[in-house]
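Tertiary structure, described
Listed below, chain by chain, are the residues.
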Amino acid sequence: MRQLLLDTETTGLDPKQGHRIIEIGCVEMIDRQLTGNNFHQYLQPDREIDAGAIEVHGITNEFLLDKPRFADIADDLVSYLKGAELIIHNAPFDVGFLDHELGLLGNRPKINDICTVEDTLVMARKLHPGKRNSLDALCDRYAVDNSRRDKHGALLDSEILADVYLLMTGGQNELQLDSDNYSDNQGAAVIRKVSYEGELAVLKASDEELAEHQAYLEMLQKSSDGKCVWKL
C-alpha cells in the first residue's frame, strides 16, 4: 500500500476569502516503510500572508517572491498523489485548499477523485475521546520527538505525523535490537534501533540467594500438592 502523509501551510484560514497554499509537504510510505521519495514545495501565492499565519509557520512574503506558483507544480503534484492513500491531520482543511487551488486551474480533478483520504484527527478522536488530539498532543501521548517544531512546517509536520500514525495504528510499541526500520508485525509498531557499547555486567546469585530461592520453591511445591512447575 502506498500512503502519503501530507500537510500544507497557507496564507490564512479560508480559501473562499482568497487565501492560498504557500507550502506543500508529503512523506511517502509503502507497506509502512518510509521510502524517502518525498514531495516538498514552497509556492508564491500572489497575495500577502496574514500576520497571524506568519506567527504560526514563520514563512514570509519576501521568502516566497522567487518561488513557483501552484500552476507550475500542479501536474507533478497530481501525478505524485494519484492512486495513493493520503493521511492528513484535520483533512478537510488541507483537502479544501488543494481542491480550491486545482479549481482555479480549470478542468482539474478534485483530490478525492485521484486518491483516498484518511483523517488522523478523526482517528485520534475515536481512540482518545474527550482528550486533546492536536498533533502536538499526540506527540506527547505517543512519545514522538517534536522538539524541532518551534514553528509549523509542511514537510516537518508530515514527518512527525508519519511517526504518530505508525504508533496510532501499530498497537503496542515494540523495542528491538539492531533495527532502525519501521516494521509491520500484525499492525506493527515502530521498531527503533538500540545500540550498546561495552561489556554487559553479569550478576550471579549468591549462595544465600540460591538457598532462599530453593526454600521458596519447596513452599510452593508443598502448597500446590506437588504441582509447582518451577520445581525440577
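Everything discussed here concerns the structure shown above.
What you see as residue numbers is a count from 1 along each chain, following the sequence as written. In keeping with the predicted nature of the model, local features appear solely for residues at pLDDT of at least 70, side-chain atom pairs appear and are counted solely at 80 or more, and the whole-chain, interface and lining totals rest on all residues. Side-chain numbers here rest on the full set of heavy atoms in the structure, without hydrogens or water.

1. What to know about the layout of surface pockets
Only protein atoms enter the 1 Å grid used here, on which a cavity is any set of points holding a 1.4 Å probe that cannot leave and a pocket is any open set flanked by protein within 12 Å on both sides along at least five of seven lines; residues with an atom within 4 Å of a point are listed as lining. Grid points are joined across faces, edges and corners, and a volume is the space filled by probe spheres set on the points. Reported here for the largest pocket is a volume of approximately 550 Å³. For the largest pocket, the lining is made up of 25 residues, of which Asp 7, Thr 8, Glu 9, Phe 93 and His 152 are closest to its centre. Put simply, DSSP H or I for four residues or longer makes a helix, DSSP E for two residues or longer makes a strand, and each gets a number counted from the N terminus. Of all the elements in the fold, those that place two or more residues in the lining of the largest pocket are β1 (2–10), α1 (51–57), α3 (91–104), α6 (135–141) and α7 (154–168). When residues of the lining of the largest pocket are assigned to their parent elements, the largest contribution, five residues, is made by β1. Just so you know the grouping, Ala, Val, Leu, Ile, Met, Phe, Trp, Tyr, Cys and Pro go in nonpolar, Asp, Glu, Lys and Arg go in charged, and all remaining residues, Gly too, go in polar. Looking at side-chain class alone, the lining of the largest pocket contains seven nonpolar, eleven polar and seven charged residues.

2. Brief notes about the packing of helix α5 (residues 120–127) against α7
Note on geometry: axes are C-alpha line fits, over the in-contact stretch for helices, and angles between N-to-C directions span 0 to 180 degrees. Contact geometry for α5 and α7: axes closest at 12 Å, N-to-C directions at 40 degrees. Our classification of the angle between α5 and α7 gives oblique. At the point where α5 passes α7, the crossing takes the left-handed sense. Across from Thr 120, Met 123, Ala 124 and Leu 127 in α5, the residues of α7 making contact are Leu 161, Tyr 165 and Met 168. Here the contact of α5 with α7 is built from residues that sort into six nonpolar, one polar and no charged. Roughly parallel here means an angle under 35 degrees, roughly antiparallel means over 145, roughly perpendicular means 65 to 115, and every remaining angle is called oblique. When the near helix sits turned anticlockwise from the far one by under a right angle, the crossing is termed left-handed; a clockwise turn instead gives a right-handed crossing. Contacts are assigned to residue pairs with any non-hydrogen atoms lying within 4.5 Å of each other.

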